[in-house]
Amino acid sequence: MTPARKRRLVMVSALVAGVGLATTLALRAFQENMLYFYSPTEFVQNGVPEERTIRVGGLVADGSVRRAAGSMTIEFEVTDHAYTVPVTYTGVLPDLFREGQGVVARGRIGENGMFMAENIMAKHDENYMPPEVAQALHAGKMRAIERAREGFPDDAGSNGTAVSDSGYAGGY
Amino acid sequence: MAPEIGQVALVLALILALIQSVAPIWGSFTGNRMLMAVAKPAVTGQMVFAAVAFGALTWAFVHHDFSVSFVAGHSNSELPLFYRFGAVWGGHEGSLLLWILVLAIWSVLVAVFSRQMPERFVARVLGVLGVVAVGFLSFTLFTSNPFDRLIPAPADGQDLNPLLQDPALMFHPPLLYIGYVGFAVAFAFAIAALLEGRIDAAWARWTRPWTTAAWLFLTLGISLGSWWAYYELGWGGWWFWDPVENASLLPWLVGTALIHSLAVTEKRGLFKSWTLLLAISAFSLSLLGTFLVRSGILVSVHAFAADPSRGLYILAFMGIVVTIALALYAWRAPAMASDAGFKPLSRETFLLANNILLVVATLLILLGTLYPLFMDALNLGKISVGPPYFDLAFMIPMFPLMLLLGIGMHTMWRQTPGSPLWRKLRLPAIAALVIGIPMPLVFYGTAGVLTVLGSILAFWIMISALIDVLPKVGPARVTRSHIGMCIAHFGLGVMILGITFVSSYDLEVDRAGVPGQPITYAGYEFTMLGTRGVQGPNFDAIEAEVEVRRNGEYVTTLLPQKRVYRVQRDPITQTAIGGGWRRELLVSMGEPLGDGAWSLRIQYKPLVRYVWLGTIFMALGGLIAMTDRRYRLARRRETEPAVSGSSTATAGGQG
């Protein structure tokens, strides 16, 4: 091998090794940072991994928001009309957080089955609903209707009628 | 009346764009000079009609014509005049109209400043720009007509989204679009070169100032968007790795790579087909960004238009444009190989590394941005990719890039002798270590490895970029290109300094603000004195008065607000910022906790301003570089060889 070729070989190998290392590192980070989305139905029926950060989305159930006076901690339920998930969060809430509003909470499940949110996202446009939430709601609603037809009591709770379709039909 | 005029103007613009896209290209192949000469009047007419349409929509906003559906949806009789102008691009339809106008203006500028280029080449460039214009004009007319009437007309409009009622947002979309669309010019130059089947130094010299211009506007547009998100969204972050932000960063990264590879193509006749590929990619990514934003498939504050037919149209348009461009590329590019060699220690090597690293960064961000969409489309679950991935994926290529940048600026074409280079860089390297290592430790006590590394690299780039423009230290004669390059790189160093320190030492807390009780945080005492009602032109607000003291000494008073806009009724948090070059303090209001208490979010952001200051230097550098004398030289011979002479001194080279 001529010196020029040898040098070129070294350069190319270094390049390949560098890019390979970078890709490996990046893909590992990618694996660790994938956040799966769960609708309340999936959350309750299939269960969620305990050690992973996930996202849960739906509507804030009417009458479910509780806050001790002067406290920064809030508890509420997220619903898709079929099932509900209890959520707790400490901190400043987004502007559009209120009952009946679509939200996505990021966090982990706690030991008591409560979802411990570290971040709450509510969209900044009242007509706009995160697509995941819209789909989760649609699926949840279908399920609730089916169950009602089969004669089950609507165990989704009291919120079945409180949020009309028009509340989220505008934006997607 | 104005909407009808606008409507007719749009149709006429489309017809002219059709002529502009067919006649000149046809003429360029048949050698028909008459057909080629059609390009310039067609493009001028198209711009005039686009401007008339844009003016008509602006007129409708200014005069509150709520019979126009788009105006009714994005304005209100109480909306201040200033925001009525900006409301024109405050929604999907109007922003497309802005896109069309910007493209038409770019095209006219190309037509005007193309005197030194061959007639056939100009005809092809304008023809390609015409094709792009046809795509966007028909998209607007057939799926998103801004002049659609609303019958009966509502008494009042639904108002502009309150978040968009902000001075920065008035200028963010135009700047961004000027950048996005500017890459269409580089794209058109690349396609024209592929149609010619030939690319030379003159081609690169024509393309460079246009690409730099697009790049500098995109830089400012992204920066302004980041600043807006920082103070208006009230989250205090300056970059969220939001898919829409990524959509603007991707063409920027490829555009940056393109600027550097164009330098090699101009000076050394190398990287020819690679340069063409980058030019095609930069514009394709601009189109991808448009698709992502306009299709509404992204979860984002920008996702205000979610209509499947629109997404499909842009996807189809993008598919056609990219497929044809790449097919042409595959057919013609292999013939453009060049055999000029270069040594490992040469400017070419460093620019090659720059390109590889920037493309790696682009691909990693593209992966994180598109993967969730593919997963969703294939019904494999709904996921999103968290910011930590992007942070890491971006840092991996950026650290070596920054290290190499400081050296690469001082290398020469073909071959650089090692020892003079070392003598030149010895001092900047030592200075970077001496300033960079202690700085975080002295001012902030502790420092992680990444912080120290970032701090060293920031000073390394800043000092290395400045030594050439210092009198007596740098070369005796420096070109504008070279000065621009130094200033832009210096700006990058400034930005890295800001990013490093704000990411390492920012603090954020949510606390209950009780009137009269100080909250001690980040070395400051924040005391909420009370709240009061405030009235704006189209909103009512509750304003808190927060006094900030440091060790008992008065610093500033911050007035965060919770606004409710009268039409849209949504509460909007207005963060109050105590600005400064050493740190910024942010206070925003959460919700009432009872007894006059409010939840407050307090943030401490050290050196955050340097993030945006750096981008201003970068854009300024671009501006200086693109006004270099040699871009204005009279027309050169068409047969000029790709390898031009100036490849010896550092001063002659522009990285």
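Reading the values: rules and limits
Residues numbered from 1 in each chain as written. Chains lettered and ligands numbered in written order. Predicted model: local features only at pLDDT ≥ 70, side-chain atom pairs only at ≥ 80, totals over all residues. Helix = DSSP H or I, 4+ residues; strand = E, 2+ residues; numbered from the N terminus. Rg over C-alpha atoms; globule rule 2.2 N^0.38 Å. Buried ≥ 20, exposed ≤ 12 C-beta atoms within 10 Å, placed from the backbone. Contact = placed C-beta atoms within 7 Å. Axes fitted to C-alpha atoms, helices over the stretch in contact; angles between N-to-C directions. Parallel < 35°, antiparallel > 145°, perpendicular 65-115°, else oblique. Left-handed = near helix turned anticlockwise from the far one by under 90°. Nonpolar A, V, L, I, M, F, W, Y, C, P; charged D, E, K, R; others polar. Pairing = 2+ DSSP bridges. Domains from an automatic or database assignment. Core = buried A, V, L, I, M, F, W, Y, C linked by C-beta atoms within 7 Å. pLDDT = per-residue confidence, 0-100.

Caption draft 1: Molecular detail of the overall build of chain B. Counting secondary structure elements, chain B contains 19 helices and 11 strands. Whereas a compact globule of 655 residues would reach a radius of gyration of roughly 26 Å, chain B reaches 26 Å, a difference of no more than 12%. Taken along the three principal axes of its C-alpha coordinates, chain B extends 80 × 75 × 50 Å. The 655 residues of chain B split such that 56% are buried. In chain B, the proportion of contacts linking residues at least 24 apart, taken out of those at least 6 apart, comes to 75%.

Caption draft 2: Up close: the packing of helix α8 (residues 167-196) of chain B against helix α10 (residues 243-268) of chain B. Residues and elements named next belong to chain B. Contact geometry for α8 and α10: axes closest at 11 Å, N-to-C directions at 45°. The orientation of α8 with respect to α10, classified from their angle, is oblique. α8 and α10 meet at a crossing whose hand is left-handed. Along the contact surface, α8 presents Leu 176, Tyr 180, Phe 183 and Ala 186, while α10 presents Ser 248, Pro 251, Gly 255 and Leu 258. When the residues that make up the contact of α8 with α10 are grouped by side-chain class, the tally is 6 nonpolar, 2 polar and no charged.

Caption draft 3: Quick peek at the interface of chain B and chain A. Contacts between chain B and chain A engage 39 residues on the former and 31 residues on the latter. Elements represented by at least two residues in the side of chain B that touches chain A include exactly α13 (347-377), β1 (383-385), α14 (387-408), β2 (507-513), β8 (571-574), β10 (583-594) and β11 (597-606) of chain B. Per-element accounting of the side of chain B that touches chain A gives the leading share, 6 residues, to α14 of chain B. Among the residues forming the side of chain B that touches chain A, the class breakdown is 23 nonpolar, 10 polar and 6 charged. Where strand β1 (residues 34-38) of chain A and β1 of chain B come together, 3 bridges link them in antiparallel fashion. Considered in β1 of chain B, the bridge of Met 34 of chain A is made with Val 385 of chain B.

Caption draft 4: Examining the pairing of strand β7 (residues 561-565) of chain B more closely. Residues and elements named next belong to chain B. In terms of burial, β7 is largely enclosed, as 4 of its 5 residues are buried. Where β7 and β8 come together, 4 bridges link them in antiparallel fashion. In the strand pairing of β8, Gln 561 is matched with Gln 574. Taking the residues that link successive antiparallel strands as the turn, the β7-β8 hairpin has 5 residues, and the phi of Arg 569 there is positive, at about 65°.

Caption draft 5: Layout of the environment of Ser 114 of chain B. Mapped onto the fold, Ser 114 of chain B is located in the loop between α6 (92-112) and α7 (119-143). Distance from Ser 114 of chain B to Trp 206 of chain B, taken between C-alpha atoms, is 8.5 Å for residues 92 residues apart in sequence.

Caption draft 6: Quick peek at the domain arrangement of chain B. Residues and elements named next belong to chain B. When its domains are assigned, chain B resolves into domain 1 (1-165), domain 2 (171-411), domain 3 (417-505) and domain 4 (507-606). Averaged C-alpha coordinates put domain 1 and domain 2 at centres separated by 24 Å. Domain 1 puts 22 residues into the contact, and the matching count from domain 2 is 24 residues. Elements supplying a minimum of two residues to the side of domain 1 that touches domain 2: α6 and α7. If one sorts the elements of the side of domain 1 that touches domain 2 by residue count, α7 sits on top with 9 residues. Across the side of domain 1 that touches domain 2, the residue classes break down as 15 nonpolar, 6 polar and 1 charged.

Caption draft 7: Region of the structure containing the environment of Ile 616 of chain B. Assignment of secondary structure puts Ile 616 of chain B in helix α19 (residues 609-626). Considered as a pair, Ile 616 of chain B and Gly 484 of chain B are 132 residues apart in the sequence and their alpha carbons are 12 Å apart.

Caption draft 8: Expanded view of the sheet that holds β10 of chain B. All names here are of chain B. With respect to topology, 4 strands assemble into an open sheet ordered β2-β11-β10-β9, the strand pairing being antiparallel. Of all the strands in the sheet, the pair left with one neighbour each is β2 and β9 (576-578). Strand after strand, the sheet turns through a mean of 20° between neighbouring axes, direction not considered. Alignment of β10 against β11, held across 9 bridges, turns out to be antiparallel. Paired with Glu 584 across the strands is Lys 605, a residue of β11.

Caption draft 9: Representation of the nonpolar core within the structure. With 200 residues, the main nonpolar core has Ile 100, Leu 103, Ala 184, Ala 186 and Phe 189 of chain B as its most contacted residues. In terms of residue count, α8 of chain B provides more of this core than any other element does, 20 residues in total. Excluding residues that lie within four positions of it along the chain, Ala 184 of chain B makes contacts with Leu 103, Trp 106, Leu 129, Val 132 and Phe 283 of chain B. Counting residues in each nonpolar core, the second largest holds 27 residues, with Ile 74, Val 78, Val 103 and Ala 117 of chain A among its members.

Caption draft 10: Structural view of the packing of α13 of chain B against α14 of chain B. Residue and element names in this part refer to chain B. Two elements in contact, α13 and α14, have axes separated by 9 Å at closest approach and are oriented at 170°. Taken together, the axis directions place α13 and α14 in an arrangement best described as roughly antiparallel. The segment α13 lies against α14, with Arg 347, Phe 350, Leu 351, Ala 353, Asn 354, Leu 357, Val 360, Ala 361, Leu 364, Ile 365 and Gly 368 engaging Tyr 389, Phe 390, Ala 393, Phe 394, Pro 397, Met 398, Pro 400, Leu 401, Leu 404, Ile 407 and Gly 408. Classifying every residue of the contact of α13 with α14 by side-chain character gives 18 nonpolar, 3 polar and 1 charged.

Caption draft 11: Expanded view of unusual backbone geometry. Residue and element names in this part refer to chain B. Cis geometry marks the peptide bond from Ile 151 to Pro 152, where omega comes out at -5°. Along the chain, Pro 152 falls in the loop between α7 and α8. Within the chain, Ala 522 stands out as a residue other than glycine whose phi angle is a positive 55°. Tracing the chain through its elements places Ala 522 in the loop between β3 (518-521) and β4 (524-535). Among the residues examined, Ala 522 registers 18 C-beta atoms within 10 Å and is labelled partly exposed. The backbone phi angle of Leu 607 is positive, close to 55°, even though this residue is not glycine. You can see Leu 607 is positioned in the loop between β11 and α19.

Caption draft 12: Examining the pairing of β1 of chain A more closely. Strand direction decides the pairing type here: β1 of chain A and strand β2 (residues 54-60) of chain A, joined by 2 bridges, are parallel. Paired with Phe 37 of chain A across the bridge in β2 of chain A is Arg 55 of chain A.

Caption draft 13: Main features of the confidence of the model for chain A. Residue and element names in this part refer to chain A. For chain A, the mean per-residue pLDDT works out to 76, and 78% of the residues sit at or above 70. Mean pLDDT in chain A bottoms out at helix α4 (residues 166-169), which sits at 28, and peaks at strand β5 (residues 84-90), which reaches 93. Confidence drops under pLDDT 50 across residues 124-128; counting only partners more than four residues distant or on other chains, this segment forms 15 contacts. Counting contacts from residues 153-172, a segment whose pLDDT is below 50, to residues more than four positions away or on other chains yields 38 contacts.

Caption draft 14: Up close: the environment of Gly 614 of chain B. Residue and element names in this part refer to chain B. Mapped onto the secondary structure, Gly 614 falls in helix α19. Taking the number of C-beta atoms within 10 Å as the measure of exposure, Gly 614 has 25 and is therefore buried. Gly 614 sits 126 residues away from Ala 488 along the chain, and the two C-alpha atoms are 8.3 Å apart. In this view, Gly 614 contacts Gly 491, Leu 492, Val 494, Met 495 and Gly 498; residues no more than four positions away in its chain are not counted.

Caption draft 15: Main features of the confidence of the model for chain B. Residues and elements named next belong to chain B. In this model, chain B carries an average pLDDT of 89, and 93% of its residues clear a pLDDT of 70 or more. In this model, residues 299-305 is a region of pLDDT below 50 whose contacts with residues beyond four sequence positions or in other chains number 19 contacts. For this predicted complex, the interface score ipTM comes out at 0.73, alongside a pTM of 0.89.

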